[in-house]
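Below are the chains, spelled out letter by letter.
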Amino acid sequence: MAKAENGRFATTYTMEKKHQFALALHGGAGTITRSSLTPEMDLAYRQALRQALDIGYQMLQKGSSALAAVEATVVVLEDCPLFNAGRGSVFNKQGRHEMDAAIMCGKTLGAGAVTGVRNVRNPIQLAHQILRHSDHVFLCQAGAEEFARNHGLTFEPDDYFFTQQRYEQWQALRDSDIYMLDHSQAREKKFGTVGAVALDVHGNLAAATSTGGMTNKNFNRIGDTPIIGAGTYANNRTCAISCTGHGEYFMRNVVAYDISCLMEYKGMTLAEASELVVQQKLKSQGGEGGLVAVDATGAVALPFNSEGMYRASRAEGQEAVVAIYQE
């Protein structure tokens, strides 16, 4: 736009407002206490969480989209065998790895999701390719795997996904009808899922979640992770959310969308809505777990009703937070 200035024309430009950016991530929740982890494992988890946080945060700092940042953050967690997603996925009833993932853009409400995929190195990348290149939202099993091949995604042999700890968990259960949430003892449940949420400098939100499911789960079982509105949701009007916990409860309560609705229709803050859903609604039904969330202002919430949740967050101009227990 041009305007007169002392008889001459000067050009003025309307600059896009820069929003405060923020990132939050999780690596699972459950009965995670100081006594359940050795000092070495505690350090390993914290280092892995910080590595993923730093990669996503630096991308946002350089102006990357929230969608790109949450994908990159989750890829780091999928590649780390400590977490039940990607490489560290648990064994199902048949002794195989079936993985789920979802990603959502808060600006367009575009989403991509996959369930029951095998040998895809990074299911979150597949979910993103579905968002970008498919008219569908949700693909499963062989169809999703064919889509991955057609878009040049990396596949790995079964050995890539093998970890001794996960194998021993499955061996203890394989001849029973019991399934467990990523731990060898029922009294020490850990809900294995990874996820990330972000707000970028353009004011856009995004969420991404990935999981290997439950040890000894029935083959083809689907949890809340890939279901838009249950375990993953993003909307620029409200918030971005990635959940971790006992998926059946999160599906029944449509947890991620419920929080967004409480904000949009009830006028609640992110903290208020998250508190109501996680600490009251879920808890009253016996639903255990937590979530990470960020709203359109950059406020972050990390609520959980279990004894611990692997988590990390950082907002622009603030120090990084990396935590595991009820701290």
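Definitions and limits used
Residues numbered from 1 in each chain as written. Predicted model: local features only at pLDDT ≥ 70, side-chain atom pairs only at ≥ 80, totals over all residues. Heavy atoms only, no water. Salt bridge = Lys/Arg side-chain N within 4 Å of Asp/Glu carboxyl O. Helix = DSSP H or I, 4+ residues; strand = E, 2+ residues; numbered from the N terminus. Buried < 20%, exposed > 50% of the residue type's maximum accessible area, 1.4 Å probe, protein only. Core = buried A, V, L, I, M, F, W, Y, C linked by side-chain atoms within 4.5 Å. Lys, Arg positive; Asp, Glu negative; His and termini not counted. Polar contact = N/O pair within 3.5 Å; in protein donor to acceptor, adjacent residues only side chain to side chain. Contact = heavy atoms within 4.5 Å. Pairing = 2+ DSSP bridges. Axes fitted to C-alpha atoms, helices over the stretch in contact; angles between N-to-C directions. Disulfide = S-S within 2.5 Å. pLDDT = per-residue confidence, 0-100.

Peer 1: For this particular structure, what's the right way to read the pattern of salt bridges?
Peer 2: Pairs may arise between side chains of opposite charge once their charged atoms sit close together. Taken as a whole, this structure holds eight salt bridges when the rule is applied. A salt bridge links Asp158 to Arg118, with the shortest nitrogen-to-oxygen separation between them at 3.5 Å. A residue pair is termed long-range when its members are at least 10 positions apart, and Asp158 in the loop between helix H4 (141-150) and helix H5 (164-171) and Arg118 in the loop between strand S5 (111-117) and helix H3 (123-133) qualify at 40 residues. Looking at Arg118, the relative accessible area reads 21%, which means it is partly exposed. Between Arg237 and Glu264 there is a salt bridge, with the nearest N and O atoms lying 2.7 Å from each other. Remark: Glu264 occurs in helix H7 (residues 255-266) and Arg237 occurs in the loop between strand S10 (232-234) and strand S11 (239-245); sequence separation between them is 27 residues.

Peer 1: How should I be thinking about the nonpolar core in this particular structure?
Peer 2: Generally speaking, soluble globular proteins have nonpolar side chains that are buried together. Leu25, Phe83, Ile103, Ile124, Leu126 and Tyr310 are the most contacted members of the largest nonpolar core, which has 53 residues in total. Among the elements that make up this core, the one with the highest residue count is helix H2 (residues 66-79) (eight residues). Judged by nonpolar contacts, the second largest core, of 35 residues, contains Tyr233, Ile259, Val278 and Phe304.

Peer 1: When you look at the side chain of Asp200 in this model, what are you seeing that I'm missing?
Peer 2: For Asp200, the location among the structural elements is in the loop between strand S8 (194-199) and strand S9 (205-211). Despite its burial, Asp200 pairs with no opposite charge, the nearest such side chain being Lys107 at 8.4 Å. Within the structure, the side chain of Asp200 is placed 2.8 Å from the backbone nitrogen of Ala66, a separation counted as a polar contact. Excluding residues that lie within four positions of it along the chain, Asp200 makes contacts with His19, Gln20, Phe21, Leu60, Ser64, Ser65 and Ala66.

Peer 1: Explain the sheet that holds strand S12 (residues 289-295) here, please?
Peer 2: Spatially, the four strands line up as an open sheet ordered S10-S11-S12-S13, and their pairing is antiparallel. One side of each edge strand has no neighbouring strand; the edge strands of this open sheet are S10 and strand S13 (300-301). For S12 and S13, the ladder comprises two bridges, and the chain directions are antiparallel. Residue pairing in the sheet places Val294 in a bridge with Val300 of S13. Its contacts with the sheet put H7 on S10, S11 and S12, and the angle it makes with S11 is roughly 145 degrees. Along the sheet, helix H8 (residues 270-285) makes contact with S11, S12 and S13, crossing S12 at roughly 165 degrees.

Peer 1: What am I meant to see in the environment of Val321 here?
Peer 2: Looking at the secondary structure, you find Val321 in strand S15 (residues 321-325). Between the C-alpha atoms of Val321 and Ala24, which are 297 residues apart in sequence, the distance is 9.1 Å. In this view, Val321 contacts Leu53, Arg311, Ala312 and Ser313; residues no more than four positions away in its chain are not counted.

Peer 1: Looking at this structure, I do not really get the state of the cysteines. What am I missing?
Peer 2: One covalent bond between the sulfur atoms of two cysteine residues makes up a disulfide. Evaluated as defined, the whole model comprises zero disulfides. Take Cys243: it sits in no disulfide, and the sulfur closest to it among the cysteines is that of Cys239, at 9.8 Å.

Peer 1: Would you take a moment to explain the confidence of the model for the protein for this structure?
Peer 2: Predicted coordinates in regions of low pLDDT should not be interpreted in detail. Mean pLDDT over the protein: 87, with 82% of residues reaching 70 or higher. Scored below 50 in pLDDT, residues 1-15 makes 12 contacts in the model with residues more than four places away or belonging to other chains.

Peer 1: Sorry, what's going on with the environment of Ala206 here?
Peer 2: Tracing the backbone shows Ala206 in strand S9. Sequence separation between Ala206 and Ile103 is 103 residues; the distance between their C-alpha atoms is 7.5 Å. What Ala206 contacts, discounting residues up to four positions off in sequence, is Ala66, Leu67, Val70, Met104, Gly106, Ala196, Val197, Ala198, Ala234 and Ala240.

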